[in-house]
Amino acid sequence: MSKSELVQKSFEIAKERYAAVGVDVEQALKNLQKLSISLHCWQTDDVVGFETLGNQGGSGIQATGNYPGRARNIGEVQADIEEVLTHIGGTHRFNLHAIYGDFGGKPVDRDQIEPSHFTGWMQWAKEKNLKIDFNSSSFGHPKSGDLTLANPDKAIRDFWIEHTKRSRAISEAIGKFQNDPCIMNLWIHDGMKDLTVNRLKYRQILEQSLDDIFATEYKNMKDCIESKLFGIALESYTVGSHDFYLGYGAKKQKIVTLDTGHFHLTESVADKISSLLLFTPEIMLHVSRPVRWDSDHVVTLNEDTIELAREIVRADALDRVHVGLDFFDASINRIGAYVIGVRATQKAFLQGFLEPLAQLREYEANGQYFERLALLEEAKSLPWNAVWDYFCLSSNVEVGEDFIPAVQKYEKNVTSKRS
Ligand SMILES: C[C@H](O)[C@H](O)[C@@H](O)C(=O)CO
Ligand SMILES: [Mn+2]
C-alpha cells in the first residue's frame, strides 16, 4: 500500500472513531483550513532587519546561535518564507517588523519611515496570497536605551512616539492595500535592571504616550499592545507589564497580545483567553516556547500550546483571536524552525477542533466529573494524527517527517551557500 493510500485508509477509520464520540472530522478539517497563522519575519534573520544604520541588538531580547544561512536581504527573507509555505497547509499571514523596510540603502531613521518603504512587501504578499501584519520596532537603536515611550526625556519619548505613529500609518496603508485589516503590534522593552522608586511615574508616562499615539482613528488597521514579564538586563521592572496593558486594553478597547513566553512559567496563558474575551475586543497571540525563561524556542506540540488552542476553540472565539508566532532560534535550520513551529501550532488547534466537547459539557452539566476526566484523558489518544496526516496529504504538503529531506534540500541548494 502506498503512503497516501495508508493515510487515506487511516483517515477513514479515524473519522468513524471520532464520530462515535460525536465529533465531526470534516468540520474539524474545514476549521483547520481556515486557521490563518501570522508568520513572523524575524526567524529568517535572527531579528536583525535591513536598516542602513544597523540594528544594535539588545533592548531585552536576544537571538542565540550562529547556524549558517541567515537571510541577509529582503529577497532572501521572501525566498525563505516562500519555501516555508510549500511545507504547510492552509493560507497564512506574514508579520513584518518596521526595521525590515526597503530603505534602498539610505539611512532612514525610525522617525522617518513611510508606507513607501513597504510597498514592495505589499506587492510581494499580494502575489503570494499573504496578508501582512506589522510591528513598530523600538529595540536595537541608539535611542532605545532602557526607556522609549516611557522615557521622562521628552526628546527621546517624542522620537519613539513619532516612530509608533508612523508604524500605525504604515499599517493603515497595508490594511487598505490588502483590503483586510493589518494587525499592528506594539511591544516596547522599557524597564529597569535594578530597583526603581518610580514605578508609577513611568507607567503614567507610557499611558500618556499611548493616548497620544492612538489619538488618530484608523479603519484598516487594528492596534495590539504586548506585555512582558522582564527583558535581559531589565530584570527588576517592566513598565508595560501584563496588568498595565490589560488595564489599558480594557479601558481603551485595544487588543491585548498574549506572548506565551511572557509570563511566569507556571502561569497558564490558556486561562487568560476567556477573561480577555469578556473585556477586550479581540486577542493577538504570539505563540512561543519559553524554556526556563522567555527563550523564544521553536513552538512544539506541548501541553501549553494544546491547552491554549483548546481554550480558544472551547470559547468558539477563532473569529476574535489572531494567531501569530514569535520565536527566533538561530541555532538550527531557520526554515525548519518555521515548519516545525507552524505545524505544531496547527496540530494543537486540530486537537482542539477534534475535542468531544458536546459530550464533555454534558458530563459537566450532569456533575459527572469522573466521566469528564476519563473522556478528557481518552481524547488525548484518539487518532488525531491520522486526521493531521490527511490534512497534509490533501493540502499537498509532506506527510509526517517527510518534510525533513525537503528542508534539507533547500539548505543544500540555497541557505548553505550564504556566507
Ligand atoms: C521581535 C518581537 O517584536 C518581539 O519578539 C516581541 O514580540 C517580544 O515578544 C519581545 O520579547
Ligand atoms: Mn512577542
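Conventions and cut-offs
All residue numbers refer to positions counted from 1 along the written sequence of the respective chain. Chains carry letters from A onward and ligands carry numbers from 1 onward, assigned in written order. With pLDDT at 70 or above as the cut-off, local features in this predicted model cover only qualifying residues; side-chain atom pairs require 80 or more to be listed or tallied, and sums for whole chains, interfaces and linings still use all residues. To obtain the side-chain values, all non-hydrogen atoms of the structure were included, while hydrogens and water were left out. Being paired, for any two strands, means DSSP has found at least two bridges between them. Working definition: helices are DSSP H or I runs of at least four residues, strands are E runs of at least two. Numbering for both runs from the N terminus. A fitted line through C-alpha atoms represents every axis, and for helices the fit uses only the stretch in contact; the resulting angles, taken between N-to-C directions, go from 0 to 180 degrees. Distances decide who is a donor: an N, O or S atom must be within 2.8 Å of the metal, or within 3.2 Å for Na, K and Ca. Water is not included, so sites may look incomplete. Site shape is set this way: if four donors have all angles between 85 and 135 degrees, tetrahedral; if opposite donors are over 155 degrees apart and all others between 65 and 115, square planar for four donors and octahedral for six; otherwise irregular. UniProt positions are given in the numbering used here, feature names are shortened, and annotations may be inferred rather than shown by experiment. Think of a 1 Å grid over the protein atoms and nothing else: a 1.4 Å probe that fits but is trapped marks a cavity, an open set flanked by protein within 12 Å on at least five of seven lines marks a pocket, and residues with an atom within 4 Å of a point count as lining. Nitrogen and oxygen atoms within 3.5 Å of one another constitute a polar contact, given that in protein one can donate a hydrogen and the other can accept it, and given that sequence-neighbouring residues count only through two side-chain atoms. Whenever a carboxyl oxygen of Asp or Glu lies within 4 Å of a side-chain nitrogen of Lys or Arg, that contact is scored as a salt bridge. Think of it in three bands: with a 1.4 Å probe and only protein chains considered, a residue is buried below 20% of the maximum accessible area for its type, exposed above 50%, and partly exposed in between. Whether a residue is near a molecule or strand is decided by its heavy atoms; if any one of them lies within 4 Å of it, the residue is near. For every accessible area listed, the method is Shrake-Rupley and the probe measures 1.4 Å; residues are considered covered only by the protein chains on display. Here the criterion for a molecule occupying a pocket or cavity is that more than half of its atoms lie within 2 Å of the pocket grid points. Amino acids are sorted into nonpolar (Ala, Val, Leu, Ile, Met, Phe, Trp, Tyr, Cys and Pro), charged (Asp, Glu, Lys and Arg) and polar (every other residue, Gly among them). Grid points are joined across faces, edges and corners, and a volume is the space filled by probe spheres set on the points.

**Considerations on the sheet that holds strand S4 (residues 182-186)**
Line of reasoning, step 1. The eight strands lie next to each other as S1-S2-S3-S4-S6-S8-S9-S12, forming a closed barrel whose pairing is parallel. If you compare each strand with its neighbour and ignore which way they point, the axes differ by 30° on average.

**Re the coordination of the manganese ion (ligand 2)**
Line of reasoning, step 1. The coordination sphere of the manganese ion (ligand 2), as far as protein atoms go, consists of Glu-226 (OE), Asp-259 (OD), His-286 (ND1) and Asp-326 (OD), spread over 2.1 to 2.2 Å.
Line of reasoning, step 2. Because the angles between the six donor atoms bound to the manganese ion (ligand 2) fall within 71 to 169°, the donor set is best described as irregular.
Line of reasoning, step 3. Counting gaps between the donor residues of the manganese ion (ligand 2) yields the pattern E-x32-D-x26-H-x39-D. In this pair, His-286 sits in strand S9 (residues 283-287) while Asp-326 sits in the loop between strand S12 (321-325) and helix H10 (334-353), placing the two residues 40 residues apart along the sequence.

**A closer look at the UniProt feature "binding site: Mn(2+)" (unreviewed entry) in the protein chain**
Line of reasoning, step 1. The sites that UniProt annotates as "binding site: Mn(2+)" (unreviewed entry) are His-262, Asp-294 and Asp-296. Across 35 residues of sequence, these annotated residues stay compact in space, with a maximum C-alpha separation of 9.7 Å. Of the annotated residues named above, the ones that line the largest cavity are His-262, Asp-294 and Asp-296.
Line of reasoning, step 2. Along the polypeptide, His-262 turns up in the loop between strand S8 (255-259) and helix H8 (270-279).
Line of reasoning, step 3. Of note is the side chain of His-262, whose polar atom sits 2.6 Å from the backbone oxygen of Ser-227.
Line of reasoning, step 4. Relative to the assigned elements, Asp-294 resides in strand S11 (residues 293-297).

**Things to note about the pattern of salt bridges**
Line of reasoning, step 1. Applying the stated criterion to the full structure yields 29 salt bridges.
Line of reasoning, step 2. For the salt bridge of Arg-70 with Asp-45, the shortest nitrogen-to-oxygen distance reads 3.8 Å. Taken as a pair, Arg-70 in the loop between strand S1 (37-40) and helix H3 (74-85) and Asp-45 in the loop between S1 and H3 lie far apart in primary sequence, 25 residues in all.
Line of reasoning, step 3. Its relative accessible area of 27% is what places Arg-70 among the partly exposed residues.

**A look at the site of ligand 1**
Line of reasoning, step 1. Around ligand 1 sit 13 residues, and of these His-97, Glu-226, Lys-228, Asp-259 and Asp-326 come closest.
Line of reasoning, step 2. The separation between an oxygen atom of ligand 1 and a polar side-chain atom of His-262 is 2.9 Å.
Line of reasoning, step 3. Residue His-286 places a side-chain N or O atom 3.2 Å away from an oxygen atom belonging to ligand 1.
Line of reasoning, step 4. The fraction of the free accessible surface of ligand 1 (310 Å²) that becomes covered by protein chains is 99%.
Line of reasoning, step 5. Assessed atom by atom at 2 Å from the grid points, ligand 1 resides in the largest cavity.
Line of reasoning, step 6. Taken together, the residues of the shell around ligand 1 sort by class into five nonpolar, three polar and five charged.

**Topic: the layout of surface pockets**
Line of reasoning, step 1. By volume, the largest pocket is sized at about 690 Å³.
Line of reasoning, step 2. Residue lining of the largest pocket: 25 residues in total, with Lys-34, Leu-35, Leu-318, Asp-319 and Val-321 positioned closest to the centre.
Line of reasoning, step 3. Taken together, the residues of the lining of the largest pocket sort by class into ten nonpolar, seven polar and eight charged.
Line of reasoning, step 4. Lining the second largest pocket are 18 residues, and of these Thr-260, Glu-267, Ser-268, Val-269 and Asp-304 lie nearest its centre.
Line of reasoning, step 5. For the lining of the second largest pocket, the elements supplying multiple residues, two or more each, are strand S10 (289-291) and helix H9 (303-314).
Line of reasoning, step 6. Here the lining of the second largest pocket takes four residues from H9, the largest share from any one element.
Line of reasoning, step 7. Partitioning the lining of the second largest pocket into residue classes produces seven nonpolar, seven polar and four charged.

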